[in-house]
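# Results of the structural survey
Listed below, chain by chain, are the residues.
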Amino acid sequence: MSAETKSPRFDPTDPIFRWVSFGAATLLLVVLGSLIASLVYGGWPALSTFGLEFFLKFKDCPAGHGGHFCIDTPWNPVTDVYSATAPIVGTIVSSFLALLFALPIAIGVAVFLTQFCPRYLAQPLSTAVELLAGIPSIVYGMWGLFVFAPWFAKTIQMPLMIAASQDPTSWVAKLVAGIPNGANLFTASIILAIMVLPYMASVFRELFRSIPAQVREAAFGVGATPFEVTTSVIIPYVRKGMIGVIMLGLGRALGETMAVTFIIGNSHRFPKSLFDSSSTIASTIANEFAESTSDLHTSALVALGLILFLITFTVLAIARWLLSTQRY
């Protein structure tokens, strides 16, 4: 080392760069805080008017239903009575069903593209998956309404309902009860699954490609089968990244609007079966915000937006917690 120590070179742009970076981070927090404040302010009239009954309201059960109380889901712009129970349940159920359908297929697609697909097919198939991820949601919604829903009603829903009608009191009959028009909670979940599937498969593929080749080769070298390599080496190696992809896919399903609006039936009743019409928070806002008939109606819709924000924030918080508990 030389006796003379050079001092760091002073760059007059450093303070400017530091303040610009600080301003960008602060602006993001300000925008987020303003968004939360505006949702709370706009939704407060509905929240203060209905209280906890805005989230969950009970009523006396009709005769023959067995029980003293049933869940009530009023949403009536004429009488200005609103409850968010049905949209909340529709949002959560459709999103988790979509994730349940899409997750194993997305992992299977990613494993095939990275482990078994011939080289000359891998790139075209990967490009096709990425193109599917970029299709606008309204296109999926129109396809679901005009193509998938009629096919589903004729080919799957109607035969299931006819078969279940042999024993109307069975749990299967209750599970598939509904109007055989193809527009229901289950169909909306399938459309959501189709939408999030290419996105999840594409990111899973990149995760699996990031695994060093030596890791896979070492597993094959000790006699492991492809299934054992996938389940015991590849998936554990990237499990933290997979948790993030799963939660991001769930977040996209929770906030999807137009595709669900086309296909879910837009009913504010509590869904009692998979084939029952339902609604989500996003579809309710999209359908009614431009035609809200009163200040309380508008406030109820803004309160729904606040609830959707809180649900999404909770999902992301759970994802961060799961990631923090994982160890490589």
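As shown above, the structure is provided for reference.
Below: a short report on this structure. (Residues numbered from 1 in each chain as written. Predicted model: local features only at pLDDT ≥ 70, side-chain atom pairs only at ≥ 80, totals over all residues. Heavy atoms only, no water.)

### Describing the nonpolar core
One broad trend across soluble globular proteins is that nonpolar side chains are buried collectively. Threshold: Throughout, nonpolar core names a set of buried Ala, Val, Leu, Ile, Met, Phe, Trp, Tyr and Cys residues whose side chains join them through atoms within 4.5 Å. Each residue is placed in one exposure class: buried if its accessible area under a 1.4 Å probe, protein chains only, is under 20% of its type's maximum, exposed if it is over 50%, and partly exposed if it falls in between. The secondary structure listing takes helices from DSSP runs of H or I that are at least 4 residues long and strands from runs of E that are at least 2 residues long, numbered from the N terminus. Contact criterion: two residues are considered in contact whenever any of their non-hydrogen atoms come within 4.5 Å of each other.
Counting residues in hydrophobic clusters, the biggest one holds 69 residues, and the most contacted among them are Phe-54, Met-200, Phe-204, Phe-208, Leu-304 and Ile-307. Taken together, the elements giving at least two residues each to this core come down to helix H1 (14–50), helix H2 (85–116), helix H4 (137–164), helix H6 (185–209), helix H8 (226–237), helix H9 (239–255), helix H10 (258–263) and helix H12 (295–325). Looking at this core, the element that brings in the most residues is H6, giving 14 residues. Contacts of Leu-304, omitting those with residues within four sequence positions, involve Phe-54, Trp-75, Ala-84, Pro-87, Ile-281, Thr-284 and Ile-285.

### A word on the side chain of Thr-261
Looking at the secondary structure, you find Thr-261 in helix H10. You can call Thr-261 buried: its relative accessible area is 11%. Thr-261 has contacts with Asn-266, Ser-283, Ala-286 and Asn-287, leaving out every residue within four places of it along the chain.

### Quick notes on the environment of Thr-231
Rules: We define a polar contact as two N or O atoms separated by no more than 3.5 Å, with the added condition that, inside protein, one atom must be a possible hydrogen donor and the other a possible acceptor, whereas residues neighbouring each other in sequence contribute only through side-chain atom pairs.
Considering the arrangement of structural elements, one finds Thr-231 in helix H8. Separated by 51 residues in the primary sequence, Thr-231 and Ala-282 have C-alpha atoms spaced 37 Å apart. Separated by 2.9 Å, the side chain of Thr-231 and the backbone oxygen of Phe-227 make a polar contact.

### Focus on the pattern of salt bridges
Two side chains of opposite charge can pair, provided their charged atoms sit close to one another. Convention followed: We count a salt bridge whenever a side-chain nitrogen from Lys or Arg sits within 4 Å of a carboxyl oxygen from Asp or Glu.
Inspection of every chain in the model, using the stated rule, returns four salt bridges. Arg-205 is the partner of Glu-206 in a salt bridge, and the nearest nitrogen-oxygen pair spans 3.0 Å. Classification of Glu-206 by relative accessible area gives partly exposed; the value is 39%. For Glu-206, the salt bridge is made with Arg-209, and the minimal N-O distance between the two is 3.7 Å. Remark: Arg-209 and Glu-206 occur in helix H6; sequence separation between them is three residues, near one turn of the helix. Bridged by salt links that share partners, the residues Glu-130, Arg-205, Glu-206 and Arg-209 form one connected network.

### Describing the packing of helix H11 (residues 281–288) against H12
Test applied: Every axis in this analysis is a line fitted to C-alpha atoms, fitted for helices over the stretch in contact. Angles between the N-to-C directions lie between 0 and 180 degrees. Working definition: roughly parallel below 35 degrees, roughly antiparallel above 145 degrees, roughly perpendicular at 65 to 115 degrees, and oblique for all remaining angles. Should the near helix be turned counterclockwise from the far one by less than a right angle, the crossing is left-handed, whereas a clockwise turn marks it as right-handed.
Running from amino to carboxyl end, H11 crosses H12 at an angle of 150°, the nearest separation of the two axes being 9 Å. In this view, H11 runs roughly antiparallel relative to H12, as classed from their interaxial angle. The two elements H11 and H12 meet at a crossing, and its hand is left-handed. Residue-level contacts link Ile-281, Thr-284, Ile-285 and Glu-288 of H11 to His-297, Leu-301, Leu-304, Gly-305, Ile-307, Leu-308 and Ile-311 of H12.

### Here we look at unusual backbone geometry
Most peptide bonds take the trans form, and the phi angle of most residues other than glycine is negative. Phi at Asp-80 is positive, roughly 55°, even though this residue is not glycine. Note that Asp-80 resides in the loop between strand E3 (75–76) and strand E4 (81–82). Of note, the phi angle at Asn-266 is positive, near 55°, even though the residue is not glycine. On the secondary structure map, Asn-266 appears in the loop between H10 and H11.

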